[in-house]
Amino acid sequence: MSAPRDGERMSVRIARREAAATDIVALELVPADGGELPPFDAGAHLDVEVAPGLVRQYSLCNPPGERHRYRLGVLRDPASRGGSLAVHRDLIEGRLLQVGRPRNQFALASDDRPVVLAAGGIGITPLLAMAHALHARGTPFTLHYCARSRDRAAFVAEIEGSGFGAALRLHLDDGPDAQRLSLDALFADRQAHVYCCGPEGFITHVSAGAAARDWPADQMHVEHFKAEVEQSGGAFTLEARRSGVTVLVPEGRSAAQVLMDAGVAVPLSCEQGICGTCLVAVIEGVPEHRDEYQTDEEKAANTHMTPCCSRARSARLVLDL
């Protein structure tokens, strides 16, 4: 198969589906028509159309460099907005799916510093790919893996049996106190890069530990699986210039929702300001940025915004839509 350009979709087939842990399913995706898949680096995620019009992002957890398959781990989320429910209910072996090209906002640094990986629950998925990559290049690393119980720790037996199994430090909520995660141990090596992924509470805990220790900002790397989308704030006028549509965005509704109701096509994926799919150029006005995708410098420039979650500081906003 020919590699898709950015923004294009490609067809893959679910070659294997298995339980990776309680409430976590692992999917192995292969090219639908043979050939190779586009390459990816550790930390990359994949846009997956889990149902018609419903796209979600899942981290790739297999070794980077593999071109014959993509491997995902998906948690059944009791607060699912439809994505994880559709995966667990409908995505069976043999089914064809449309996916995007792998994208990466959580890449490993290219220097030779040692690495500490901190995974909370399903946050193991991008860090597992990182562990494979670090092991392959000979970079010293430790993998701290926190889970509620062993049966909920996806891929743990696989990790223990791998060539980097000695790097694993497993921390279980139902285990003895002596094996609980210690932030002092996590941040023991001042020279290390720390990569953290998991539920927001876990990320907050680890990030607070970094802040308390004045950890260098360029050595702390975080990926959020979820971001709370806050739509409070005053109403504002929004013009989609190319579409010739002007709408009023009230408090409690996103700009993207209101635009789509008015017939304007807005490319959406995560709807949480994480993936950047809906990023659009700002022609006039000042956005109120609420996304996790843009850097602080990009937000300060006010040249683009994410209408899935961001609002306006000015009374009127004009977008290139």
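Below: a short report on this structure. (Residues numbered from 1 in each chain as written. Predicted model: local features only at pLDDT ≥ 70, side-chain atom pairs only at ≥ 80, totals over all residues. Heavy atoms only, no water.)

1. Focus: the packing of aromatic side chains
Working step 1: Under the counting rule described, the total for this entry stands at 4 aromatic pairs.
Working step 2: Ring plane angle 75° and centroid distance 5.9 Å describe the contact between F40 and Y70, whose orientation is recorded as edge-to-face. Of the two residues, F40 sits in the loop between β2 (24-31) and β3 (45-51) while Y70 sits in strand β5 (residues 70-75), which places them 30 residues apart along the sequence. (Phe/Tyr/Trp six-rings, centres within 6.5 Å; stacked < 30°, edge-to-face > 60°. Helix = DSSP H or I, 4+ residues; strand = E, 2+ residues; numbered from the N terminus.)

2. Quick notes on the environment of V282
Working step 1: Of note, V282 is situated in strand β14 (residues 280-284).
Working step 2: Considering only alpha carbons, one finds V282 and L321, 39 residues apart in sequence, at a separation of 9.3 Å.
Working step 3: Setting aside its immediate chain neighbours within four residues, V282 contacts P287, N302, T303, H304, M305, L317, V318 and L319. (Contact = heavy atoms within 4.5 Å.)

3. A closer look at the pattern of salt bridges
Working step 1: Tallying each qualifying case throughout the model produces 18 salt bridges.
Working step 2: Residue D23 is joined to R152 by a salt bridge in which the shortest nitrogen-to-oxygen separation is 3.2 Å. Residue D23 is found in the loop between β1 (10-21) and β2, and its partner R152 is found in the loop between β8 (141-147) and α3 (156-160); the two are separated by 129 residues along the sequence.
Working step 3: Here R152 falls in the partly exposed class, since its relative accessible area comes to 23%.
Working step 4: Each of R16, E18, R71 and E158 takes part in one network of salt bridges that share partners. (Salt bridge = Lys/Arg side-chain N within 4 Å of Asp/Glu carboxyl O. Buried < 20%, exposed > 50% of the residue type's maximum accessible area, 1.4 Å probe, protein only.)

4. Examining helix α5 (residues 200-212)
Working step 1: For α5, which comprises 13 residues, the first-to-last C-alpha distance of 18 Å matches the rise-based estimate of 18 Å (1.5 Å per residue) to within 8%.
Working step 2: The complete set of buried residues in α5 reads F202, I203, V206, G209 and A210. Angularly, the buried residues of α5 cover 125° about the axis, an arc narrow enough to put them on a single face. What points out from α5, more than 90 degrees from its buried face, is the exposed set G201, T204, A211 and A212.
Working step 3: Tucked inside the fold, the buried residues of α5 contact β7 (115-120), β8, α4 (183-186), β10 (193-198) and β11 (220-224).
Working step 4: Remark: D214 follows α5 within two positions and exhibits a positive phi of approximately 50°. (Expected span 1.5 Å × (residues − 1). Arc of directions from axis to C-beta.)

5. Here's the deal with the sheet that holds β14
Working step 1: Taking strand neighbours across the sheet as the criterion, the 5 strands line up as β13-β12-β18-β14-β16 in an open arrangement whose pairing is mixed. Only two strands of the sheet have a single neighbouring strand rather than two, namely β13 (245-249) and β16 (304-305). (Pairing = 2+ DSSP bridges.)

6. Some thoughts on the sheet that holds β8
Working step 1: With parallel pairing, the 5 strands of this open sheet are ordered in space as β9-β8-β7-β10-β11. Taken across any chain shown, the strands that pair with only one partner, and hence form the sheet edges, are β9 (168-172) and β11. With direction set aside, neighbouring strand axes in the sheet form an average angle of 15°.
Working step 2: Here helix α2 (residues 124-137) sits on the sheet in contact with β7, β8, β10 and β11, set at roughly 155° to β7. (Axes fitted to C-alpha atoms, helices over the stretch in contact; angles between N-to-C directions.)

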